[in-house]
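Inside the fold
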Amino acid sequence: FPFERTFWRSHYDLITTAPVLRDLINPTIQNYLFFMDLRAALKRRCSADWIVFTPAMNHNHIYGWAAWLQTVSPEECPTVILFVRNSYCFGPDPNRYDRRAYFARPAFKWLERLAASGRRIHLVTDSKRLSAEFSKLTRLPLAIFPTPHTDRIRRPVGNGTHVPRFTWLGGIRKDKGFLVFA
């Protein structure tokens with residue numbers, strides 16, 4: 001497949017590290033920069049028959065996605081699948097969200113309005129736990145795409161003629177999904 005570099009900034013590049021300011025300033029600027037890159041990358045390139053899939057969306061991207069979707073009419077909008085995979089909860093308590101969730105919640109509502117207008121927007125995640133957490137932030141349905149984990153793969157048995165198995169690199173958390181896709 002031919003690849004092209006589209007996004008020039010990382011959402012890990014922090015604008016400020018000041019404790020009080022960073023929670024609002026960094027994601028606001030990151031969302032704007034992400035929107036600019038997304039708009040430049042997809043302008044006049046994708047159509048309603050496309051599927052646009054993002055492997056990881058969080059509070060640094062969600063407003064960028066919503067803003068870009070707002071620029072595309074429902075008739076011309078591709079199917080957009082946004083994979084949410086980072087918990088916004090403190091520790092194991094699924095009812096105690098951190099500040100990032102409160103920043104992201106209005107953007108989830110924006111995505112809900114865009115979906116209600118006819119744009120094909122799908123949220124997916126990789127565990128029942130995250131599906132339950134995000135279901136408290138949005139009314140959009142969340143499908144579960146289990147992520148395989150490479151830390152539990154058995155050693156190959158036999159003569160080495162097995163079909164290769166492809167996995168997602170790294171084990172994100174042990175409570176997620178299938179071990180491997182076969």
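Each remark here, short or long, concerns the structure printed above.
Before going into details, it helps to say that this report is about the structure given with it. (Residues numbered from 1 in each chain as written. Predicted model: local features only at pLDDT ≥ 70, side-chain atom pairs only at ≥ 80, totals over all residues. Heavy atoms only, no water.)

**Topic: the overall build of the chain**
Short version of the rule: Numbered from the N terminus, helices here are DSSP runs of H or I no shorter than four residues, and strands are runs of E no shorter than two. Partly exposed describes any residue whose relative accessible area lies between the buried limit of under 20% and the exposed limit of over 50%, with all areas from a 1.4 Å probe on protein chains only and scaled to the type maximum. When checking whether two residues touch, look at their non-hydrogen atoms; a contact exists if any pair is within 4.5 Å.
Each helix and strand in the chain was counted, giving 4 helices and 4 strands. For the chain, the succession of helices and strands along the chain, N to C, is α-β-α-β-α-β-α-β. A total of 182 residues make up the chain; the buried ones form 38% of that total. Within the chain, contacts between residues at least 6 apart in sequence are counted, and of these 71% link residues at least 24 apart.

**Side note on the environment of isoleucine 144**
Of note, isoleucine 144 is situated in strand E4 (residues 142-144). Residue isoleucine 144 is classed as partly exposed on the basis of its relative accessible area, which comes to 36%. Here the alpha-carbon distance between isoleucine 144 and serine 131, two residues 13 residues apart in the chain, equals 7.2 Å.

**Quick word on the sheet that holds strand E2 (residues 79-84)**
The cut-off we apply is this: We call two strands paired when DSSP finds no fewer than two bridges between them. The angle between two axes is taken between their N-to-C directions and runs from 0 to 180 degrees, where each axis is a line fitted to C-alpha atoms and a helix contributes only its stretch in contact.
Strand order across the open sheet formed by 4 strands is E1-E2-E3-E4, with parallel pairing between neighbours. Bordering the open sheet on either side are strand E1 (51-57) and E4, each of which pairs with just one other strand. In this sheet, neighbouring strand axes are inclined to one another by 30° on average, regardless of whether the strands run parallel or antiparallel. Bridge count for strand E3 (residues 121-125) against E4 is 3 bridges, and the pairing is parallel. Residue pairing for E4: threonine 125 is matched across the bridge by isoleucine 144. Contacting E1, E2 and E3, helix H3 (residues 99-116) crosses the sheet at an angle of about 135° to E3.

**Remarks on the packing of aromatic side chains**
In plain terms, the rule: Here a Phe, Tyr or Trp ring, Trp counted by its six-membered ring, pairs with any other such ring whose centre lies within 6.5 Å, and the pair is stacked when the planes are under 30 degrees apart, edge-to-face when over 60, and tilted otherwise.
The tally for this structure, following the rule as stated, stands at 8 aromatic pairs. On the basis of an interplanar angle of 65° and a centroid distance of 5.2 Å, the ring pair of tyrosine 63 and phenylalanine 103 is categorised as edge-to-face. Taken together, the residues tyrosine 63 in helix H2 (residues 62-70) and phenylalanine 103 in helix H3 connect sequence positions 40 residues apart. Given a relative accessible area of 22%, tyrosine 63 falls into the partly exposed group.

**Here we look at H3**
In an α-helix, one turn spans 3.6 residues, which is why side chains three or four residues apart end up on the same side. This is how it is decided: Given the number of residues in a helix, its expected span is that number minus one, multiplied by 1.5 Å. Note that the bend at a residue is defined as the angle between axes fitted to the seven residues ending at it and the seven residues starting at it.
Along its 18 residues, H3 runs 27 Å from first to last C-alpha, staying within 8% of the 26 Å computed at 1.5 Å per residue. The axis of H3 is deflected most strongly, by about 30°, at arginine 105, and proline proline 106 appears within four residues downstream. Within H3, burial applies to Ala101, Phe103, Ala104, Ala107, Phe108, Leu111, Glu112 and Leu114. Turning to H3, the residues buried within the fold contact helix H1 (19-42), E1, H2, E2, E3 and helix H4 (128-135).

**Quick word on the pairing of E2**
Where we set the bar: Handedness rule for crossovers: strands pointing away from the viewer, path from the first strand over the helix to the second running clockwise, crossover right-handed.
Of all 6 residues that make up E2, 6 are buried, and the element is covered over most of its length. Here E2 shows no split at all, with Thr79, Ile81 and Phe83 on one side and Val80, Leu82 and Val84 on the other all buried. Both E1 and E2 contribute to a ladder of 5 bridges, which runs parallel. In the strand pairing of E2, valine 52 is matched with valine 80. Once you follow E1 into H2 and on to E2, the crossover reads as right-handed. Relative to E3, E2 runs parallel, the two being bridged by 4 bridges. Across the sheet, the residue bridging to phenylalanine 83 is valine 124, located in E3.

By themselves these figures say nothing about function.
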